[in-house]
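This is what each chain is made of:
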Amino acid sequence: MDNRVDWIDSAKGFTMLLVILGHCLNGYLRAGMFQSHTTWMQWLYNFLYSFHMPLFFLLSGFLYYYSYHDASFEKIKNKALSLIALYFTYSVVQCFIQAAMAGKINRHVSLSDIFTLPFYTVPPYWYLYVLFFLYIISFYLKPISMYKFTAIFLVCIASTEFPKINLFAISSIAFHLMYFTLGGVIALFRIDLRFKKTYLLPLLVISVLIYSFSTQQGVSRVLVATSLSSLYLIFFCTIENFRDVKLFKLCGKYCLAIYLIHTYLTAGTRVFLKHFQCNSVFIYLAIGMISGIFVPILVYKICKKNKYLGLLFNPVKN
């Protein structure tokens, strides 16, 4: 297997930027802010959420199979336990903060919600919860075969056609397992090395057509997420100048820290600027994005210097 994956950090980093932007927009829309800008904000929000989490799981699957394809269960278990420990730690902290700031934030939370965390996830940390199960499930699905992938694909389709099951994030696991496994297939067979720039235009046309006629329900949801994720992936694998952007690489390098902390910053800046009667959506977005990127990186670097604070990002030694 080729040891060099020069596009992965940039791809993760840019995807993380999309996640932060999506959370900023979600906060403004749920709070009923900037109503004169609602149309474009809602469109952009819907577009981002049509593919950015499936893409995130695809990249996570690529890294999982690339790094742990022949790892022992003990190593996989420790990595999975680290993920679930982070889920509970940050979800509990978030519940306390949201309960304390009731009336000033969009989501109404009580401290009793802490006791439901093992069964029902809270945004945005549901990703860690689902990833925990995908690590374990994928270990037992190895080696990947055409029959297994077909079954996983059918499970993904079924998850969009039947009522959503929030208990233990069953529907989310069923839906994202396909993208996680697809990332694994790309990693194991280094399909990313075979991508060509000539694929971009036809795939762009196909993606635009699928998105334009999609209802974002059922099978069309899968088609949109798959086509846009594929377009994005091929773009990063083939366009060197784009993946060499330092900001993307920086966000990719500190992706976990940014993911864990950024929502406190995006929500906090929204409350802060609203208090000072700032009315510019672009100022909100700029400050929310900048703080959501750089403050988590600073916090991470400070914490890594202390063996106890370092546990906030790596609670279980792998």
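Parameters and conventions
- Residues numbered from 1 in each chain as written.
- Predicted model: local features only at pLDDT ≥ 70, side-chain atom pairs only at ≥ 80, totals over all residues.
- Heavy atoms only, no water.
- 1 Å grid on protein atoms, 1.4 Å probe; cavity = no way out; pocket = protein on both sides within 12 Å on 5 of 7 lines; lining within 4 Å.
- Points joined across faces, edges and corners; volume = space filled by probe spheres on them.
- Helix = DSSP H or I, 4+ residues; strand = E, 2+ residues; numbered from the N terminus.
- Nonpolar A, V, L, I, M, F, W, Y, C, P; charged D, E, K, R; others polar.
- Patch = residues over 30% accessible without salt bridge, like charges linked within 9 Å, V, L, I, M, F, W, Y side chains within 5 Å.
- Areas by Shrake-Rupley, 256 points an atom, 1.4 Å probe, with all protein chains shown as cover.
- Salt bridge = Lys/Arg side-chain N within 4 Å of Asp/Glu carboxyl O.
- Buried < 20%, exposed > 50% of the residue type's maximum accessible area, 1.4 Å probe, protein only.
- Expected span 1.5 Å × (residues − 1).
- Arc of directions from axis to C-beta.
- Contact = heavy atoms within 4.5 Å.

(A) Spotlight on the layout of surface pockets. By volume, the largest pocket amounts to about 1,400 Å³. For the lining of the largest pocket, the element with the highest residue contribution is helix α12 (residues 255-275), accounting for 8 residues. Within the residue set of the lining of the second largest pocket, elements represented by two or more residues are α1 (8-30), α3 (52-68), α4 (73-100), α5 (126-141), α11 (246-253) and α12. By residue number, the principal contributor to the lining of the second largest pocket is α3, which donates 7 residues. Here the lining of the second largest pocket is built from residues that sort into 17 nonpolar, 6 polar and 5 charged.

(B) Seen up close, a nonpolar patch on the surface. A cluster of nonpolar side chains, contributed by Phe-119, Tyr-120, Ile-165, Leu-167, Phe-168 and Ile-170, occupies part of the molecular surface with about 510 Å² of accessible area. Within the secondary structure, Ile-165 is located in the loop between α6 (146-161) and α7 (170-188). For Ile-165, a relative accessible area of 41% translates into the label partly exposed.

(C) View of the environment of Thr-150. Tracing the sequence through the fold places Thr-150 in helix α6. Residue class for Thr-150 comes out partly exposed when judged on its relative accessible area of 36%. In the structure, Thr-150 is positioned 28 residues away from Met-178 in sequence and 9.2 Å away in space, judged by C-alpha atoms.

(D) Just helix α8 (residues 200-213), in detail. The end-to-end C-alpha separation of α8 is 20 Å, in line with the 20 Å expected for 14 residues at 1.5 Å each. Of the positions making up α8, those classed as buried are Leu-200, Leu-203, Ser-207 and Tyr-211. Down the axis of α8, the sector holding all buried residues measures 65°, keeping them to one side. Facing away from the buried side of α8 by over 90 degrees, the exposed positions are Leu-201, Ser-212 and Phe-213. Close packing links the buried residues of α8 with α2 (38-49) and α9 (218-238).

(E) Inspection of the environment of Ala-85 at higher detail. When you line up the elements, Ala-85 lands in helix α4. Looking at Ala-85, the relative accessible area reads 23%, which means it is partly exposed. In sequence terms Ala-85 and Trp-7 are 78 residues apart; their C-alpha atoms lie 29 Å from each other.

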